[in-house]
Structure formats: C-alpha cells, structure tokens
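Reading the structure
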Amino acid sequence: MGKLKILLGTLLVLVLVVAALPLLIPANLFSDPVVAMGQKMTHGKFEVRKVAFEYYPKPAVVLQDVVLEQAERASIERILIPLNAKNLLAWGETLQGITIEGGRFSPDYATQLPQKLRPEPGTPRLTTLELERTSIVLGKSQLGPVNGTLKFGPGGELTELQIKDNSGQLELLVQPHGEGQFAAQLNATGWELPLGYPAKFDFLRLKGIAHANGIDIEEVRGDLYGGVITGSAQLSWQEGWQLAGTLRGSGIQAESLSKVFSRNTYATGRLEAEARFVYQADDYHKLFDNAGVDATLLVRDGVLHNFDLVTPLKSSTPVTYARGGQTRFDTVSGKLAVRGKTVQFSGMKVDGGKFTASGYLTVGEGQKISGVVASRLASGAIAVSNQIRVAGTLPAPEFRTGAAFRPRAGEETLAAPAE
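Cut-offs used in this document
Residues numbered from 1 in each chain as written. Predicted model: local features only at pLDDT ≥ 70, side-chain atom pairs only at ≥ 80, totals over all residues. Heavy atoms only, no water. Core = buried A, V, L, I, M, F, W, Y, C linked by side-chain atoms within 4.5 Å. Buried < 20%, exposed > 50% of the residue type's maximum accessible area, 1.4 Å probe, protein only. Helix = DSSP H or I, 4+ residues; strand = E, 2+ residues; numbered from the N terminus. Polar contact = N/O pair within 3.5 Å; in protein donor to acceptor, adjacent residues only side chain to side chain. Phe/Tyr/Trp six-rings, centres within 6.5 Å; stacked < 30°, edge-to-face > 60°.

What follows concerns the nonpolar core. The nonpolar side chains of a soluble globular protein tend to be buried with one another. Residues L243, L271, L309 and V390 are the most contacted members of the largest nonpolar core, which totals 58 residues. Per element, the largest residue contribution to this core is six residues, and it comes from strand β17 (residues 270-281). Residues F46, F53, I79 and L129 belong to the second largest nonpolar core, which totals 36 residues.

Here is the structure:
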C-alpha cells in the first residue's frame, strides 16, 4: 500500500510540474535548444521568430513564424510541441504529437521531405506529424490547404502521408518512391468529380507517381452507374495547370448518366465509350471550368426520351412538333465533342430495325439545341423518309419537318445531312 501511495504521489507531482511549466519557466530558455534541434532534424536552416508557451487546451511549446531554408520554399505559421510526459521523459530521443499549422511548401521542397527529415544520430525520432491547413505553393496559386498526417517508421524514416477530407469520402495516401518521387493513391467513395457536371462515382481509385512537376496517373479505376471506368492521365503544374488523359467506359447505365445533363431529355440502355480529355487553367480552382473532351459513344437497347424522331415521318405536310415522345433503338452511335459549355454530337446514327436515322446536334449556352436529322422508316415495300431540323432547348426540343418523302421504285431516300 505504501509503494502505491509513493507511485501515485510521484505521478501527481509529474503532472503538476508539466502543467505548471508554462507559468514557471521563461519561454526563451527553450529557444536556443529548440532551434538547434530543428536545424539538426531538418538538415538545414531553421529560423524561428518567436518561441512561446501555450497552456490551453494542452501545455505545449509553440514555435511561431518558422522558415526552412527560404520563405518562398518552406514556411510554417506555428509548430506545437506537446509538453506531455512522453516527450519530457524522452526529450532528445523521440517526439510525439507534434502539429504543424499553416505550412506552405514549394513542390521542390515537398519532394525532398524524406531526405530533409532523415533521422541522424543524436536527433529525436518522430512518430507522427499532424498537418493542419497545409498547402503546396505553385507560383501565384496553391494546392490546398488540407489536413493530414505524416507517419514515420521505427527508425524515424518518413513512410507515409495520409490525407482525409471531413466527409470521409476521400483518402489520399502518399509514400516515398525513390529520390524526388512519391507513389500516390486516391480512394474515393460516393464522390462527385468536379468536372463541371455532377457525375457521381460509387468508387474511384487513382494511382500514380508524383514529382515536382506534376503527377503521372498510371491507373484510373472507377465504378460509375453500374459500369466500369478505366484509363490513365497526367496532371502537370509546371506552366499553368493541365490535366490530360484517356478514359474507357463499359456497361454504364445510360439513363443515370444522361440525366446528369438533363432530367427531361435522356437515353436509356447500356453505354460504351472511349474519351480523350484536356483541361487547362492558370489556377487549379478553375481547372474544370473549360472542358475539352472528344469521345466515341455506343448505346445499346434503349429509348430516347422526350426526343421523338418517328412521328415527323407521319406528316405529309411541313409541320413543327413541340412535344415529348420516345424513339426506341437497338443502337445509337456517334462522336461527342465538348468545348467549354458547348456540346456537339456528330456522325450520329440511330438503328431501330425498321427505323434508322443519322445527323448531328449541338447543345450550347442555356441548353439551346440545333441540328439536323435524316430519318427513314421502312416496312416491306413501304418506305418513308424525312429531314428534321431540331431546335428549342434540351428540356423542350422542337422538331421542324418538311413533307414526308415516299420514294417509288428506283428512287433514293434522303441522304444524311452535311455537318
């Protein structure tokens, strides 16, 4: 019982000493040894404008306005070193629970962190570093700020950077991969890509190699509306921002995807597509403002809703239809080009067995549409064709036709309209 009292008394005294340190000891007594330790741990310049104590919410030594090498390469608003029992008893050997707030690093300095934080004899080993509001500075813009955790191995070597968003939908893992390079993996669940349209992935994984000039995304794998997306891409920030790559999709539910663009006019069926894309901007916040996409599309066994191409074939006089309706098809194929806010469908072909059509369509600002479709309906010896001009808006399309053409034997039907 007596030994227990002594042990509890010793622990109580230790807790009181730790809690009272900020009040009893001048902060400047820590300044020189802390700066010297920082220089050893970062293998270079380590300047601190002010060393202070922080008592709430936990006792800590606070390093304010820290500069590593040069301010434009690496600067930190605050570094918090907890004054807990583990750090006090193992001072000079290990440091735990350190938090970096408001860090700003150049890409070049960030890629050198494994070497900068390489443990040396006589320097404390780190276990983790918590990052709050940390950014990568790229000229006049920056990537971030984000919160994350730097993890270190048993020997104090940097092993991993882990970043998670507040929603828990995004996780970024970064690991050293040779000098000046990192293996990066982004995992996302239930996430809407910021591509200008809210397409929502059930799951998305991006894997690649990050370096000072960008990220080579070697693998793209995603589950999107019941289908699979694969591909590769490259993100560069050396001269402005640019994201370019290729994607392939198969088995995608066309209804869910097309309703992202219009709730009224959409297609059902299964979609297969191949696409090349390029996004460019001076600031990464504006990277997806102006899209550049070229794709080939194929939709099987579906229906075009609110887009009736069959009814105009029944008219024997010129007429304008402003109505919904449906067009059933076995396949729809063609090319898609997106330039900023303008979407162009060219070389489109609709095959519905007895009904076929071909043409082009442009969707512009305000979802205004324009295009021409040559359609044909054949049943036995009877064949009817018509050329349809499409106008109006995507939610409310209009179809303007001439008189339907019923060729006699030896006469040709309407050719596909020139684009």
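You can see N386 is positioned in strand β24 (residues 382-392). Take N386: its relative accessible area is 3%, and that puts it in the buried class. Polar contacts involving the side chain of N386 include one to the main-chain carbonyl oxygen of P312, which spans 3.2 Å.

Even without being a glycine, N306 presents a positive backbone phi close to 65 degrees. You can see N306 is positioned in the loop between β18 (292-305) and β19 (319-321). Taking the relative accessible area as the measure of exposure, N306 reaches 15% and is therefore buried. Unlike most non-glycine residues, Q367 shows phi in positive territory, near 60 degrees. Checked against the element boundaries, Q367 lands in the loop between β22 (355-363) and β23 (369-379).

Counting across every chain of the model gives five aromatic pairs. When the centroid spacing of 6.0 Å and the interplanar angle of 15 degrees are considered together, the rings of F105 and Y109 count as stacked. Of the two residues, F105 and Y109, both sit in the buried class. Seen in terms of ring centroids, F307 and F399 are 5.1 Å apart; in terms of plane orientation they differ by 85 degrees. Their pairing is edge-to-face. In this pair, F307 is assigned in the loop between β18 and β19 and F399 in strand β25 (residues 397-401), connecting sequence segments 92 residues apart. The burial state of F307 is the same as that of F399; both residues are buried.

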